[in-house]
Structure formats: structure tokens, C-alpha cells
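Structure assessment
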Amino acid sequence: MRRSQTLLLMALLVSFGLTTMRFSSAAQGPVYAIKNAQIVTMAGPPIERGTVVIRNGRIAAVGANVSIPGNAQVIEAAGLAVYPGMIDSHTSIGLTEIGQVRATVDTTELGEFNPHMRAIVAVHPASELIPVTRLNGITSVITRPAGGTLSGQAALINLDGWTWEEMALKPSVGIVFNYPSLRSGRFFDFNTFEFQERSFERAKRERDEKLDKIRKLLDDTRAYIKAKEARSRSFNPDHVLEALIPVVKGDMPLIVSAERQRDITSAIEFTSEQKVKMILSGGDEAWKVASLLKEKNIPVLLGPILSLPNDEDEPYDQPFTTAKKLLDAGVKFAFQTGDSSNARNLPYHAAMCVAFGLPREEALKALTIYPAQIWGVADQIGSIEVGKLANLAVWDGDPLEIRSQVKHLFIKGRSIPLKSKHTELYERYRNRP
């Protein structure tokens, strides 16, 4: 009897152990080893015929002489190249699906000043635009709200996950500030979709009124912080001022959208006066104030590149040469599409700058490690180094060439199926009888 009980106890322990191992293995996820590939790390020279090992969602090893774990799923990648996943620094992916169907657009809130609105909570993980975008090697994007003067908080997300919590890499990276422009004369207003005419005096008055309101908001926030720290009985929480606390403390930047030299210069003066951090977004004429941007250490989110110059008197290639001019001035920049349906074209925005003088290596950095540094996540993504998230794309050619294809894609170490609405339609009609 005693022997039977002992055997039963041992059987239970073995069963419990196997179950624990099975659950533990499932929690850790599969181990991958990509071998014999060229590895473009962005943290040093490329490694020829190297190996990348992925474990627990992160890069466990990388190099030319790496041991492959016995339990790894091996991917033979001879003739292929491994790059870090690209980062698009301005999209509205997850916030919009079909621009002409209002029910699918959730980018804009009512009102001029919405710093407390968080784009991350509105992200739709099942958007059809996500698999389309990541098929071109883009693994992370900034998705940001629009409209008003302070649109809300932009978010950095990975393009994979069942929920926005799973997708969030950094839920709030900055507050979008659409800098009021001194646009005067006759112009087309996209808000009303009509031509408008405005005198310079009127434009300046309207801009100054908006800046005064923001100035007051920031001053109120500083007073709010003091009241909060004093734990005054009369203290009442305020969502708008609460959202601006990281800005006035210098922990969160304003993402300032401005295109013209005059507006960019004014924005730099305003943020310097208020002692808040600034990231310039757009910046068509940033090259005209490159030395000032360098002096103030203000990074630029450049793009969309595949567009026409702002002024008819500017050279046709002005958008394509701006990146090289910023590089020569020592200004850090990253590329953005400002798009959602066409965010997949991000590498070709950079490629056009390469055709007009930007070194290819710098273009690749402006798609990977530079945006990671600008958004404060360079310890997690942007290069292929041990300990970072395994956001990787395995290409059969140069990522900046339109004919190159992604053969394998990983986000947080998960192998992503290379399918999208586009590929499904392609296969459907390719096999049409």
C-alpha cells in the first residue's frame, strides 16, 4: 500500500513538472536563429554571414561566431540581410481606416487645446493598414492626433498586438502643437476646403492671440504644480493642466508642426522663452534655419519627402535635398510620411534623399536608430544589439530599393505572417480561373 502511494506521488510530481515546463516554454515563446545573413546592426559595421538569436522577444545574441541553441527554429538566410525594423515618425495608423468614411476616422477632438487627449487609447489593433505597412519592414510608428492647436498626445506603437496595451511601446511621446502660421494673402484652406484671403496684420493678430492662450496655459500649469505639491485644500485636479506637467518640467517635448522659415523661427523663440523641449515636425524650410536648430539641439521629423516644394520659386528638388543640408549642419533628423494608407512607402522617402546626395547609411539611420533616439527608446529598438526588442526585418535586397522584398519579419520576437489585404487580393485574382 505504502509503495503504491509513493508511486502515485512520484507520478503526480512528474506530471506537475512536465506541465510547469510546458507552460514555462509557452510563456517564453519560440527561440529563433537567423544564420548566414548579412546583419546591418546600425551600431557598427555590417556583419557578413552572421547569426542573430531571438529569445523571449529580445535579441539574445548577434555576431559572426554565435552558438545556435539546440531548441532554436533555424532560418537559413544566405543571400539575405537583416535590418532593424523601421520607424515612421508621423502617421495616424490605428486612428483612421478610410479617410472618406467618417465613422472610421478618430483623429480629431473638438476644441483648440486638447493636451490631455491620448491617441493610444483610440488605436484600433485590427486595422487593415497595419499588416500593409509592416510588409515593407516598418515595425513601429508614431500615431498622433490632429486638429486644433494642441491636438493631444502622440504614441509610439509596435505594429503587432491584440490590444493597444500590447502594442504600446511608449504611450505618450509628446504633445502635438500645430504652430499658428503667419500665412497671409490668398491661400487654400484645407479646413474649410475653400480659398481664403487674409492680411498680414490679421494673421499676426490671430497667431499672437493663440500664443497668448498657450502661454497662459503653461503659466497656469506651473502654478498648478505648486498648488498640487502644497496639497492645498482648495486644490482641484485639472486634466488639461495635469497633461502639461511633463512639458513644463522638461520630461516631454512639444511636437511642433511648422513648415515656413518664419514660423519655425517663431516656434523656436516661443519654446525657448517657455523653457520647454521642442521637436520640429515637417520643416519644409528647416534647411534655412539649420544652424539655429543645431544651436538649440532641436531634432527634425522630415517629410513627407515625395512632395512638391512649398513655393513655386523654389527648386523642384528642394524636398529631396533638405536631408543632406540638415546632415551637413549637424541636425539630427528622422523620416516621416505623415500618412496612414501609404505609410508603407516610408523607405522610398529616404531613398529619394539618397538619390539627391544623402549618404545611404545616414538614410538608414534616419529610419531606425535616429528616430529611436529622438523618441527616447534607443535602449529598446532602432539597432540590432543584445538585449533590445527583436524588431527585425530580413530582406532579399536593399530596403531602399522598391523591388526588394521582406522575407521574414519579427516584432517583439514574434514571427509575423507576411500577409495583408493587398497580398490576399493579389492571390485571389492571380488564381482566377
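With that settled, consider unusual backbone geometry. Both trends apply: most residues other than glycine have a negative phi, and most peptide bonds are in trans. Geometrically, the link from Gly-303 to Pro-304 is a cis peptide bond, its omega value of 5° lying close to zero. Here Pro-304 shows up in the loop between β14 (300-302) and α8 (318-329). For Lys-275, which is not a glycine, the phi torsion comes out positive at approximately 55°. With respect to the helices, strands and loops of the structure, Lys-275 is situated in the loop between α6 (261-274) and β13 (278-282). Look at Lys-412: it is not a glycine, yet its phi comes out positive at around 50°. Relative to the elements of secondary structure, Lys-412 occurs in the loop between β17 (406-411) and β18 (414-415). Taking relative accessible area as the criterion, Lys-412 reaches 41% and is therefore assigned partly exposed.

Another point: the pairing of strand β8 (residues 150-158). The buried fraction of β8 amounts to nine of the nine residues, a majority that puts the element mostly inside the structure. Pairing geometry for strand β7 (residues 138-143) and β8, over four bridges, is antiparallel. Its bridge partner being in β8, Ile-142 is matched across the sheet by Leu-156. Linkage of β7 to β8, two consecutive antiparallel strands, is achieved through a turn of six residues, within which Gly-147 is found at a positive phi near 85°. Bridging between β8 and strand β9 (residues 168-178) involves six bridges; their strand directions are antiparallel. Bridge pairing in β9 links Gln-153 to Ile-175.

In this section: the packing of helix α4 (residues 200-230) against helix α5 (residues 239-248). Two quantities define a packed helix pair, namely the angle between the helix axes and the distance between the axes. Relative to each other, α4 and α5 sit at 95°, their axes nearing to 9 Å. With respect to each other, α4 and α5 are oriented roughly perpendicular. For the pair α4 and α5, contact is made by Leu-217, Leu-218, Asp-220, Thr-221, Arg-222, Tyr-224, Ile-225 and Lys-228 and by Val-240, Leu-241, Glu-242, Leu-244, Ile-245 and Val-248, respectively. Looking at the contact of α4 with α5 residue by residue, the classes come out as nine nonpolar, one polar and four charged.

On the basis of which strands lie adjacent, the open sheet formed by eight strands has the order β6-β7-β8-β9-β12-β13-β14-β15 and mixed pairing. Pairing within the sheet leaves two strands with one partner each, and these edge strands are β6 (86-91) and β15 (333-335). When strand polarity is set aside, the average angle formed by the axes of neighbouring strands in this sheet is 25°.

Time to look at the packing of α4 against α6. With their axes 12 Å apart at the nearest point, α4 and α6 run at an angle of 25° to one another. Between α4 and α6, the interaxial angle falls into the category roughly parallel. At the point where α4 passes α6, the crossing takes the right-handed sense. For the pair α4 and α6, the contacting residues are Phe-200, Arg-207, Leu-211, Ile-214, Arg-215, Leu-218, Asp-219 and Arg-222 in the first and Arg-262, Ser-266, Phe-270, Glu-273 and Gln-274 in the second.

In this section: the nonpolar core. Residues Phe-177, Leu-280, Leu-293, Val-300, Phe-333 and Phe-335 are the most contacted members of the largest nonpolar core, which totals 76 residues. Sorting elements by how many residues they give to this core places α4 first, with six residues. Aside from chain neighbours lying at most four places away, what touches Val-300 is Leu-280, Ala-286, Leu-293, Leu-326, Val-331, Lys-332, Phe-333 and Ala-334.

The next point concerns α4. Here α4 contains 31 residues, and its C-alpha end-to-end distance of 45 Å stays within 8% of the 45 Å for a straight helix at 1.5 Å per residue. Residues Ala-203, Arg-207, Leu-211, Ile-214, Leu-217, Leu-218, Thr-221, Tyr-224 and Ile-225 constitute the buried set of α4. Trailing α4 by a residue or two, Arg-231 shows a phi angle of about 55°, which is positive.

The subject of this paragraph is the confidence of the model for the protein. Across the protein, pLDDT averages 91, with 93% of residues at or above 70. Long-range and interchain partners of residues 12-27, a stretch whose pLDDT sits below 50, account for zero contacts in this model, where long-range means more than four residues apart.

The next point concerns empty space enclosed by the protein. In the structure shown here, the tally under the stated rule is three cavities of 30 Å³ or more. Reported here for the largest cavity is a volume of approximately 110 Å³. Taken together, 14 residues line the largest cavity, and the ones lying closest to its centre are Gly-283, Asp-284, Gln-318, Pro-319 and Thr-322. Here the lining of the largest cavity takes three residues from α8, the largest share from any one element. Within the lining of the largest cavity, the residues separate by chemical class into five nonpolar, six polar and three charged.

What follows is about the pairing of β17. Bridging between strand β16 (residues 392-395) and β17 involves four bridges; their strand directions are antiparallel. Each bridged residue has a counterpart across the sheet, and for Trp-395 the counterpart in β17 is Val-406. Between β17 and β18, which pair antiparallel and follow one another directly, the connecting turn spans two residues, one of which, Lys-412, has a positive phi of 50°.

Definitions and cut-offs
Residues numbered from 1 in each chain as written. Predicted model: local features only at pLDDT ≥ 70, side-chain atom pairs only at ≥ 80, totals over all residues. Heavy atoms only, no water. Helix = DSSP H or I, 4+ residues; strand = E, 2+ residues; numbered from the N terminus. Buried < 20%, exposed > 50% of the residue type's maximum accessible area, 1.4 Å probe, protein only. Pairing = 2+ DSSP bridges. Axes fitted to C-alpha atoms, helices over the stretch in contact; angles between N-to-C directions. Parallel < 35°, antiparallel > 145°, perpendicular 65-115°, else oblique. Contact = heavy atoms within 4.5 Å. Nonpolar A, V, L, I, M, F, W, Y, C, P; charged D, E, K, R; others polar. Left-handed = near helix turned anticlockwise from the far one by under 90°. Core = buried A, V, L, I, M, F, W, Y, C linked by side-chain atoms within 4.5 Å. Expected span 1.5 Å × (residues − 1). pLDDT = per-residue confidence, 0-100. 1 Å grid on protein atoms, 1.4 Å probe; cavity = no way out; pocket = protein on both sides within 12 Å on 5 of 7 lines; lining within 4 Å. Points joined across faces, edges and corners; volume = space filled by probe spheres on them.

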